[in-house]
Every structure is written in structure tokens, then in C-alpha cells.
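Architecture and fold: a report
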Amino acid sequence: MPQEDPMVVERSNLLSMMKLSIKVLIQSSLSLGRTLDSEYPPLQQFFVVLEHCLKHGLKVRKTFIGQNKSIWAPLELIEKLCPESADISTSVRDMPGIKTGLGRARAWLHLALMQKKIADYMKELINRRELLGEFYEPGALIMEEEGAVIVGMLVGLNVIDANLCVKGEDLDSQVGVIDFSMYLKDPQATETTQDDSKMTAILDQKHYIEELNRHLSCTVTDLQAKMDSLEKTNSKLIEELTAATDRINALREEQEQLKQENAHILQTSQRKEEVTLQDSQLELETYRQTRQGLDEMYSVVWKQYKEEKRIRQLQKELELQIGLKQEMEVAMKLLEKDTHEKQDTLVALRQQLDQVKNLNLQMFNKAQESDRVAQKKEEDMERLEKKMIQMEAAMKELEQRCQNCCCCSLFRAGLESELSTEKEQRQNMQRELHREQDNSAELRTQLQQLQGLQMELLDLRQEKKQLQQLCEEQEQALQEMGLHLILMIDFLIIIMIVFSVFQGHAWLKDDEATRCKQCQKEFSISRRKHHCRNCGDIYCNSCSSNELALPSYPRPVRVCDICHSLLLQRSSIRS
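My aim in this report is to walk through the structure given alongside it, one point at a time. What you are looking at is a predicted structure, and each value in this text was computed from that prediction instead of being measured.

This part takes up the overall build of the protein chain. Counting its regular elements, the protein chain contains 12 helices and 6 strands. Residue burial in the protein chain is summarised as follows: out of 575 residues, 25% are buried. Counting contacts in the protein chain only where the partners sit at least 6 residues apart, residues at least 24 apart contribute 65% of the total. Surface summary for the protein chain: the accessible area is close to 41800 Å², and the carbon and sulfur share equals 54%.

Listed below in C-alpha cells is the structure:
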């Protein structure tokens with residue numbers, strides 16, 4: 001006999017073991033009639049068999065520590081394929097007691113069984129075999145049809161209620177060994193032990209079959225919907241195919257017609273080509289003749305364009321010169337104002353100088369007179385003092401005489417009266433002396449004021465000289481600017497005359513102007529349009545309020561402000 005592939009034998013053995021473990025687990029749980037926990041032996045054996053099935057054909061991964069063979073890597077893919085399993089994966093990663101990948105995989109299987117979604121998760125994983133090829137060998141159980149069979153059997157576990165404690169168990173160090181003893185028991189003994197609970201087992205089997213029927217009905221409805229959609233698409237494709245065949249036939253007929261038309265068109269095109277060749281030769285000759293005429297016209301137009309450009313440049317220069325002229329006129333007016341003001345100040349300063357001179361002369365005369373009076377009074381004072389000394393000496397002599405001769409009382413009385421009169425005169429002289437001293441002090445202060453006025457007079461004379469120099473310089477500058485302005489005005493007038501000669505005055509139509517040419521304000525019902533009779537442009541009333549006599553009109557007519565000023569300057573030059 002030929003040797004069988006060991007991978008095939010292993011797959012069949014694992015499949016049969018999975019069938020037995022699921023069958024025993026469902027029968028025992030239905031007979032038990034309560035929620036299963038993690039210490040229940042059939043449940044433990046189911047997890048061991050499922051672990052062996054997932055490990056079958058698993059590739060060995062090389063890491064820095066060594067070789068690693070764990071089923072946690074393919075189970076992590078379910079989180080990406082089925083977002084509902086994200087909570088299980090995060091809770092497994094966050095468990096502090098689990099450190100290895102095998103322990104995380106065992107905890108994940110426990111939690112998926114409690115959620116009753118282990119079949120759905122494994123179905124999503126097996127459907128994406130192109131991703132599983134990274135973790136499993138080609139002959140692995142998960143990659144073959146046996147994996148789909150196991151997923152179908154796992155649907156029956158949805159009838160089981162399990163309450164498993166994952167955190168307290170040591171899932172990293174558990175040894176996964178299959179116990180065959182519970183599958184090799186005597187069927188007679190098992191039948192005798194199960195006689196009492198046949199009804200409950202039948203009911204549980206009924207629930208299991210109903211669950212299986214529900215899943216199968218769902219799959220049947222999905223397949224029926226797919227079949228309907230495929231039939232619809234098939235009918236649409238058939239209709240499209242018939243339409244395409246009809247279209248192809250029509251296109252072939254059109255192709256034959258087009259071939260005939262193409263041949264006819266070729267013949268007609270050849271004839272037309274010959275005619276067009278003759279026409280093109282005639283057109284070439286006419287084109288050459290017209291080209292020569294156009295070249296001549298282009299040269300004439302180019303010359304006119306250059307002249308127009310030069311005239312516009314002259315116009316711009318004229319506008320600049322007019323602006324400069326206005327600025328110069330403003331500067332001339334300001335300089336004239338400054339000169340008038342400075343002349344007024346000079347006249348006022350001259351008047352003040354004359355007044356100061358008169359006051360100085362008066363004060364000088366008064367000072368001389370006061371000096372003379374003071375000298376006279378000092379001489380009188382000296383005389384009086386000498387008289388007083390003489391009188392005192394005489395008084396002393398008289399006193400001595402009075403002492404010597406007390407009998408001459410009458411003479412004494414006369415002397416006393418003379419003495420009193422002399423004292424009064426002396427007091428009057430002292431009062432006059434004090435008055436003269438006060439007058440002399442006032443005269444000295446006035447002299448000091450006169451000296452200060454003389455200093456101010458000197459300063460004013462210096463300022464007068466400086467102002468005279470400034471006036472002379474400004475007058476020279478004004479004269480130079482006036483000469484320059486006269487030359488510029490002459491030049492501008494010549495340019496305007498040349499411009500008016502070269503440029504023909506065109507009468508602008510009313511529809512062509514929407515704004516005033518000078519102030520650029522829009523025309524309206526209140527702001528009417530007016531033609532300048534000289535240049536022909538349209539202005540508003542405020543910009544064309546002047547009237548002048550023109551050669552072409554017998555009486556004065558309306559002209560714009562620009563033409564008015566230019567015509568006045570031209571008439572002044574002629575005069």
C-alpha cells in the first residue's frame with residue numbers, strides 16, 4: 001500500500017477528536033443543565049483539542065531570543081477583520097498575569113466562548129486564507145477544508161452557557177494534553193446513567209438543532225439573494241450582448257457605406273485639389289500685391305504712430321511744465337509776501353530807531369542839566385557848610401561873651417533868633433540836597449536804560465544788515481527764477497503751437513464723452529455737456545465758462561480753461 005501524507009492523517013485525527021470533544025461537551029452540558037465553569041473537564045479538553053488544531057501547521061518564527069511558535073499572532077488578525085472583537089483583544093492585552101502569547105491566545109478563546117461568537121470569529125479568519133499563509137504551512141488544518149468543517153461544528157457551542165474566570169488562572173504554564181479516557185468509556189454504562197435525564201437531553205438537542213437550523217436558514221437566504229442577483233446580472237448581460245451584436249451589425253453596414261462614400265470623396269477631393277491649386281496660385285499673386293500695399297500702409301501708419309507717440313510725450317512734458325509753472329507762481333507769491341512783510345518790519349524798525357534816538361537826546365540833555373544843577377547845589381552846600389562853621393565859631397564867641405557879660409540879654413535874644421533862622425535854612429538845604437540825590441539816582445537808572453537801548457539798537461542794526469542781505473539774495477533768486485520761467489513759458493507756448501499745428505482738432509461726439517475732460521466728473525441732468533469751440537472736446541460748465549473771439553467765429557464763443565490760457569499767452573507773445 002502507498003504511504004499516506006502525515007499531514008493528511010494528522011488533519012483527519014484532529015478533526016475526529018474535535019468532533020468527539022464538541023459532541024461530549026454539548027451532551028454533558030445539556031445533561032448537567034447549568035452554566036459551565038473553567039474546572040469542567042469536557043470544557044478543558046475542548047480547549048486543549050482546539051489549541052492543537054490551531055497549532056497544526058503553524059510556522060516557526062525566528063526572533064532575537066530564539067524560535068517562537070504561538071497561535072496569538074493569527075488570532076490578532078481577527079481584531080482587524082472583525083471590529084467587534086476589539087474589546088476582547090484589548091482586555092487580553094491589559095491582563096497583568098499573562099505574559100506569553102500562548103496565554104493570551106487561551107484567554108482570548110475563553111472570552112470568545114463566553115460571548116458565543118467563537119464560530120463567527122473563526123469563520124472570518126478562515127475566509128481570509130491569503131493572510132493566514134503568512135503564519136501557516138500549505139497543508140495546515142486551518143488552510144484546508146477541515147478548518148471550514150470545524151468552524152461549522154463550533155456553531156453548536158452557542159447553546160452552551162459558560163462563566164469562565166480568566167484572571168485567576170495560570171494560562172501561561174498550563175500543559176495542553178488530550179485525555180482520551182473520557183472518550184473511551186463503556187457505552188452501556190453511559191446509557192444506564194443517562195436514562196433518567198433523557199427528556200432533558202432531548203430538549204437540549206432540540207434547542208441545538210433549532211440553533212443549527214437558524215444558522216442554516218440564514219445561509220440559505222444569503223445564497224438565495226446571491227442567486228437572484230446573479231440571475232438579474234445574467235439577464236442584463238444577455239440583453240447587453242444582444243444589443244452589442246445588433247450594434248456590431250449596424251456598424252458593419254455603416255462601415256461599408258463609409259467605404260463607398262470614402263471612394264466617392266477621394267475622387268471629388270482630387271478634382272477639388274486641382275481647382276484649389278489653380279485658385280491658390282491666383283490668391284498668391286493677389287496676396288503678394290496686397291502685401292506690398294499693406295507694407296506701404298504699415299510704414300505710413302508706423303510713422304503716424306511715432307508722431308502720435310512723440311506728441312503725447314510732448315503733451316506729458318507740457319503738463320509737467322504747467323505744474324512746475326504753477327508751483328513757481330505759488331513760490332513767487334510766497335516770496336513776495338515775505339519781502340513785503342520784511343519791508344514792513346524794516347520800516348517799523350527804522351521808526352523805532354528814530355524814536356530811540358530822540359529819547360536818547362532828550363535824556364542826554366536832561367542828564368547834563370541835572371549834572372549842572374547838582375554841581376550848583378553842591379557849591380551852595382559847601383558855602384552853607386562854611387557859613388555854618390563860621391556861625392558856630394561866632395556862637396561860641398558869643399556864648400563866651402554872654403558868660404562874660406550877662407547883662408547884654410537883648411543882644412543874646414537877637415543872636416538866638418538869627419541862630420534859629422540859620423537852622424531852618426540849613427534844614428531846607430538838607431531837604432533840597434536829598435531831593436537832588438534822588439533825582440541823580442533816577443538819572444543814573446535812566447542812563448543805564450539808555451545804554452541798554454543803545455545795545456539793542458546795535459543788535460537791530462546788525463539784524464537790519466542781515467535782512468538787507470537776505471532781501472538782496474532773494475531778489476537775485478527771484479530775478480533768476482523769473483528769467484527761467486519766462487524762457488519755460490516761451491518754450492511751452494512754442495510746443496503748444498506746434499502741437500496745435502500737428503494735431504487736427506476733431507469735434508467730439510456727445511455719445512463718446514461721459515466725463516469732463518478736465519475735472520473728470522460724470523455728466524448728469526444738472527451737469528450738462530459743453531463743447532470747446534477751439535479744441536472740440538467736451539467739458540462741464542465750470543471748466544468752460546470763458547469766452548474768446550476765434551478767427552473762425554465772428555463773435556466771442558465758449559472755450560475751455562486750457563485753451564483760454566493758451567490763447568491769451570499766444571496773443572501776448574504776438575503783441
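The structure having been displayed, the exposition proceeds.
Next up on the list: helix α6 (residues 118-127). Residues of α6 that are buried: I118, A119, Y121, M122, L125 and I126. The buried residues of α6 occupy an angular sector of 165° when projected down its axis, which confines them to one face. Where α6 is buried, its residues touch α2 (41-55), α3 (72-81), α4 (86-93), α5 (101-115), α7 (129-132) and α8 (145-154).

On to the nonpolar core. One finds M18, L43, F46, W108, Y136 and L157 to be the most contacted residues of the largest nonpolar core, which totals 59 residues. Where this core is concerned, the elements lending two or more residues are α1 (6-32), α2, α3, α4, α5, α6 and α8. Sort the elements by how many residues they give to this core and α1 lands first, with 8 residues. Once residues within four sequence positions are removed from consideration, W108 is found in contact with W72, L75, I78, I88, S89, V92 and Y121.

What follows concerns the state of the cysteines. Here the structure, examined in full by the defined rule, presents 0 disulfides. Note on C519: no disulfide assigned, nearest cysteine sulfur contributed by C516 at a separation of 3.5 Å.

Turning to the packing of aromatic side chains, a few remarks are in order. The geometry of two aromatic rings is summed up by the distance between their centres and the angle between their planes. Summed over all chains, the structure comprises 4 aromatic pairs. With a centroid separation of 5.5 Å and 55° between ring planes, the pair formed by F46 and F47 is classed as tilted. On the basis of relative accessibility, which here comes to 0%, the residue F46 falls in the buried class. Here the aromatic residues Y298, W302 and Y305 are joined through ring pairs into a cluster of three or more.

On to a negative patch on the surface. Taken together, the side chains of E378, E379, E382 and E385 define an acidic patch exposed on the protein surface. Inspection of the secondary structure assignment puts E382 in helix α10 (residues 198-404). A residue is classified by how much of its surface remains accessible, and E382, at 49% relative accessible area, is partly exposed.

Cut-offs used in this document
- Residues numbered from 1 in each chain as written.
- Predicted model: local features only at pLDDT ≥ 70, side-chain atom pairs only at ≥ 80, totals over all residues.
- Heavy atoms only, no water.
- Helix = DSSP H or I, 4+ residues; strand = E, 2+ residues; numbered from the N terminus.
- Buried < 20%, exposed > 50% of the residue type's maximum accessible area, 1.4 Å probe, protein only.
- Contact = heavy atoms within 4.5 Å.
- Areas by Shrake-Rupley, 256 points an atom, 1.4 Å probe, with all protein chains shown as cover.
- Arc of directions from axis to C-beta.
- Core = buried A, V, L, I, M, F, W, Y, C linked by side-chain atoms within 4.5 Å.
- Disulfide = S-S within 2.5 Å.
- Phe/Tyr/Trp six-rings, centres within 6.5 Å; stacked < 30°, edge-to-face > 60°.
- Patch = residues over 30% accessible without salt bridge, like charges linked within 9 Å, V, L, I, M, F, W, Y side chains within 5 Å.
- Salt bridge = Lys/Arg side-chain N within 4 Å of Asp/Glu carboxyl O.
- Lys, Arg positive; Asp, Glu negative; His and termini not counted.
- Charge placed at Lys NZ, Arg CZ, Asp CG, Glu CD.

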